[in-house]
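# Architecture and fold: a report
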Amino acid sequence: MASELTRMTAADLAAAVAAGETSAVDVTRAHLDRVDAVDQRVHAFLHVAPDAALAAARAVDERRSAGEPLGPLAGVPLALKDVFTTTDMPTTCGSRILEGWRPPYDATISRRLRRAGIVILGKANMDEFAMGSSTENSAFGPSHNPWDLSRVPGGSSGGSAAAVTAFEAPLGVGTDTGGSIRQPGAVCGIVGVKPTYGGSSRYGLVAFASSLDTPGPLARTVLDAALLHEAMSGHDPCDSTSIDAPVPPVLAAARQADVSGLRVGVVTELGGDGYQAGVLARFGEAVELLESLGAKVAEVSCPHFSYALPAYYLIAPSECSSNLARFDGMRYGLRIGDDGSRSAEEVMSLTRAAGFGAEVKRRIMLGTYALSSGYYDAYYARAQQVRTLIARDFDAAFERVEVLVSPTTPTTAFPIGERADDPMAMYLADLCTIPSDLAGNAALSVPCGLAPEDGLPVGLQVMAPVLADDRVYRVGAAVEAALDRRRGHPLLDEARGLGDD
Amino acid sequence: MPITRDEVAHLARLSRLALSEQELAHFAGQLDVIIAAVARVQEVAAEGIPPTSHALPITNVFRDDVVVPPIGAAAALDQAPASEQDRFRVPRILAED
C-alpha cells in the first residue's frame, strides 16, 4: 500500500483522505518512507521534517474526524523550495551564508500551504539563491535527475522537481526568475508552471531579482499543478507587487482540456540551430498533435526574443547585486573574521567571500558592473529597453494567437559537471523560458515525450498573456491527455534511474 | 575591451567580496566572456523606446495601517551572529584615526 500511495496523484490522494479510504498520516508516512529509501541517491531535500509533517497530517485527520470541511489538497505532501521562509525548518537558499538559519516568520506561500492542510515534508535543494539551471550551484551538493542519476534535474528549483519525479512528493513549489520552474519541470518529465508575475506572493521569498521572481507549482499532472496553483495564489497585502484580482480559472481550464478552435502560435525564434534534434522532433510532433485536436496553428515571429538572454543577464544580476547586499553578516547568518581587530566592512567582505559560491559572486559583480556610472546606459538601461520590446513582441503575437508554444529547453538534461565551470553554456538552458519572465506573463511546461537519442524527457512550453494563466492549463491538459492515451500510461512510468519496477 | 584583473578587483571591492588572487584571475576571464555576450543588447535599435523596470504597470500601493505587535528583541536577536544588551553586536564601523 505504501508504494501505491506514493504513485497516486495529489487529486486522488486528497479525495482518498477526504473519503476516509486512507489517512493523511498514512499518506505522509508512505512518502517519508520513500524519501528514506531514495533521497540518498536523489538528494532532492536539504532538510526533511518528519515530526512537523506528521503533526500537520494528524491535524488534517483530526479535522476530518470532527466533520470539518477539508480543502482540495488537504493531507497531500509537498516539497518546498528552500527559498521560502519557514519558522519550523531552516531556510538556507542553498547557501553557506544562511546555513542553519531559522527565519522568524513564515512566507505567505508557506502559510497558505499550511492553511490548505498541505503537508510540507521538508525543504528542497536549489541552486544558491536560485541562480543556476542544474542545482550544481547548491552549497550542499547537487540533486540528481531520477531518469538518470548522472544527469542534472535542472534548476534552480531542481530539488522540488526531483522530489516530484522520484515519487518522494506528489507536489513541489518552486520559483521562476528565468525559467527555474519550467526548465527543471521539462528535463524531469513533469509539469511546471510560472504563473503571471504578481499572481503568487513574494512575501517571505528570499529575493533574487524582484521584478522577475515568481513562485509556482511543480506536479506530475496538469490537474495537480492547477490545484496547487489555486491553493498558493491570490492577492497578498504584504507584497506590494501582488495583483489584486481574482485567480484565473486554472482548475476549470485543466478539467476542460479542450483546444478545438484555439489559435496557437509557434515562435519562429525559439528553435533551429543549437537545439537538440530529438527536442525539435518531439516539439514538432506536439504541434501536429495540437492541430489534430482542433487547434489552429500558425508561425509567429517575435524578433526581439533573440535578445532576451543578454537582456536578462543584465537585469537579473543588477537586481541581485542590490538584493544580496543584505547578506552582510551583521544581523543573521554567517559571520567570518570578527576577531576584534577588523572593521565591519572587512568582516562583511570576508563573510561574503566565504559564504557565497562562485555563481553568486559572478552575478553580484556582473550586476555591479552593469549598474556602474559610465556603463549604466550601455548595459542596464539598454536591457530595460529590450525588455519593453520583448513585451511588445508578445502583445503583437497575442493579437493574432491565444497562446504561443516552443520547446521549454534547447536540450534534454545534461550530465552533472558538463557545464559547471562554463557560465555561458549554463545560461543557454534558459533560452526559451526567459521571454515570459521579462514580460511577466504566464507559461507552463508539459512533457511531450522522450528524445530518441538519449531517452530523456522533452518539455513543451505554452505561453499566454498576463492573467490568462487558464489558457496554459487548457493546452497543457489537452496535450497530456492525448499523449497519455496514445502511450497507454503516464510518461514517468518509463523513468528507470532509481531501478523502480 | 577585455575586463582586466584590476577591474574585477574594483568590482569585488564595491561588492564587498574579499576575493583571492586566484579568484580574481578566474572571474576576470569568465566575466569577460559574459560581458561580451550580454553587450549584444547594444545591437538593438532602441531609440525612443521607454525602459521597463517592472513587468506590470505599478503605481503606489497602500494597505490599511493596522497596528500589529512587533516580534520582540528576543526573536529578532535569536539568529544574530553576536548580540549584547538586547542589541546586535557588530565590529567597529568607523576607522580609528
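Residues numbered from 1 in each chain as written. Chains lettered and ligands numbered in written order. Predicted model: local features only at pLDDT ≥ 70, side-chain atom pairs only at ≥ 80, totals over all residues.

Within chain B one finds three helices and two strands. Across chain B, helices and strands are ordered from the amino to the carboxyl terminus as α-α-α-β-β. Seen through its C-alpha atoms, chain B measures out along the principal axes to roughly 55 × 45 × 25 Å. The buried share of chain B, reckoned over its 97 residues, is 21%. (Helix = DSSP H or I, 4+ residues; strand = E, 2+ residues; numbered from the N terminus. Buried ≥ 20, exposed ≤ 12 C-beta atoms within 10 Å, placed from the backbone.)

Attention shifts here to the overall build of chain A. The number of helices and strands found in chain A is 17 helices and 11 strands. In terms of principal-axis extent, the alpha carbons of chain A reach across some 65 × 55 × 45 Å. Counting the 501 residues in chain A, one finds 63% classified as buried. Within chain A, residue pairs in contact and separated by at least 24 positions form 77% of the contacts whose partners lie at least 6 positions apart. (Contact = placed C-beta atoms within 7 Å.)

The next subject is helix 12 (residues 344-355) of chain A. With 12 residues, helix 12 of chain A extends 16 Å between its outermost C-alpha atoms, agreeing within 8% with the 16 Å of an ideal straight helix rising 1.5 Å per residue. Those residues of helix 12 of chain A that fall on the buried side of the exposure criterion are Val347, Met348, Ser349, Leu350, Thr351, Arg352 and Gly355 of chain A. (Expected span 1.5 Å × (residues − 1).)

Turning our attention to helix 8 (residues 222-232) of chain A. All names here are of chain A. With 11 of 11 residues buried, helix 8 is to be regarded as a mostly interior element. Among all positions in helix 8, only Val222, Leu223, Asp224, Ala225, Ala226, Leu227, Leu228, His229, Glu230, Ala231 and Met232 are buried. After helix 8 finishes, the residue glycine 234 shows a positive phi value of roughly 115°.

This part is about the packing of helix 11 (residues 308-323) of chain A against helix 2 (residues 21-38) of chain B. Remark: helix 11 of chain A packs on helix 2 of chain B, axes separated minimally by 8 Å, with the N-to-C direction vectors making an angle of 120°. Overall, the two elements helix 11 of chain A and helix 2 of chain B adopt an arrangement that is oblique. Between helix 11 of chain A, through Pro310, Tyr313 and Leu314 of chain A, and helix 2 of chain B, the contact on the second element is made entirely by Ile34, Ala37 and Val38 of chain B. (Axes fitted to C-alpha atoms, helices over the stretch in contact; angles between N-to-C directions. Parallel < 35°, antiparallel > 145°, perpendicular 65-115°, else oblique.)

With that out of the way, let us pick up the interface of chain A and chain B. Facing 55 residues of chain A, the contacting portion of chain B comprises 47 residues. Among the elements that take part in the side of chain A that touches chain B, helix 14 (residues 377-400) of chain A stands out by supplying 11 residues, more than any other. Taken together, the residues that form the side of chain A that touches chain B break down as 30 nonpolar, 14 polar and 11 charged. (Nonpolar A, V, L, I, M, F, W, Y, C, P; charged D, E, K, R; others polar.)

Below, the discussion takes up the confidence of the model for chain B. Averaged over every residue, the pLDDT of chain B is 92; residues scoring 70 or more account for 97%. Predicted complex, confidence summary: ipTM 0.95, pTM 0.97. (pLDDT = per-residue confidence, 0-100.)

Another point: the sheet that holds strand 10 (residues 442-450) of chain A. All names here are of chain A. Spatially, 1-3-2-4-6-5-10-11-9-7-8 is the arrangement adopted by the 11 strands of the open sheet, whose pairing is mixed. Each of the sheet's edge strands pairs with one partner strand only, and the pair in question is strand 1 (45-48) and strand 8 (296-300). Strand-to-strand, the axes of this sheet are offset by a mean angle of 30°, without reference to chain direction. Bridge count between strand 1 and strand 3 (residues 119-124): three bridges; the pairing is antiparallel. Paired with histidine 47 across the strands is lysine 123, a residue of strand 3. On the sheet, helix 14 packs against strand 7 (263-267), strand 8 and strand 9 (403-407) and is oriented at approximately 150° with respect to strand 8. (Pairing = 2+ DSSP bridges.)

Burial within strand 3 of chain A is extensive, with six of its six residues counted as buried. A crossover links strand 2 (residues 77-81) of chain A with its parallel partner strand 3 of chain A, the connecting element being helix 5 (residues 108-115) of chain A, and its sense is right-handed. (Right-handed = clockwise from strand over helix to strand, strands pointing away.)

Let's shift gears to the environment of valine 300 of chain A. Residues and elements named next belong to chain A. Along the chain, the position of valine 300 falls in strand 8. It is 43 Å that separates the C-alpha atoms of valine 300 and threonine 86, two residues lying 214 residues apart in sequence. Setting aside residues up to four positions removed in sequence, valine 300 forms contacts with Gly265, Val266, Val267, Thr268, Ala397, Arg400, Val401 and Leu404.

Attention now goes to unusual backbone geometry. Residue and element names in this part refer to chain A. The omega angle of the peptide bond from glycine 155 to serine 156 is 10°, so this bond is cis rather than trans. With respect to the helices and strands, serine 156 occurs in the loop between strand 3 and helix 6 (158-165). Phi is positive for histidine 43, close to 55°, though the residue is something other than glycine. Mapped onto the fold, histidine 43 is located in the loop between helix 3 (24-42) and strand 1.

Residue and element names in this part refer to chain A. Relative to the assigned elements, serine 445 resides in strand 10. Linking serine 445 and glutamate 68, residues 377 residues apart in sequence, is a C-alpha distance of 36 Å. In contact with serine 445, not counting residues within four places along its chain, are Arg182, Gly185, Ala186, Val191, Gly192, Thr408, Gly459, Leu460 and Gln461.

So, about the packing of helix 1 (residues 5-14) of chain B against helix 2 of chain B. The description of two helices packed together rests on the angle between their axes and the distance between the axes. Residues and elements named next belong to chain B. Relative orientation of the contacting elements helix 1 and helix 2 amounts to 100°, with a least axis distance of 9 Å. Taken together, the axes of helix 1 and helix 2 are roughly perpendicular relative to one another. In contact with Arg5, Val8, Ala9 and Ala12 of helix 1, helix 2 contributes Leu24, Ala25, Phe27, Ala28 and Leu31. Of the residues that constitute the contact of helix 1 with helix 2, the class distribution is eight nonpolar, no polar and one charged.

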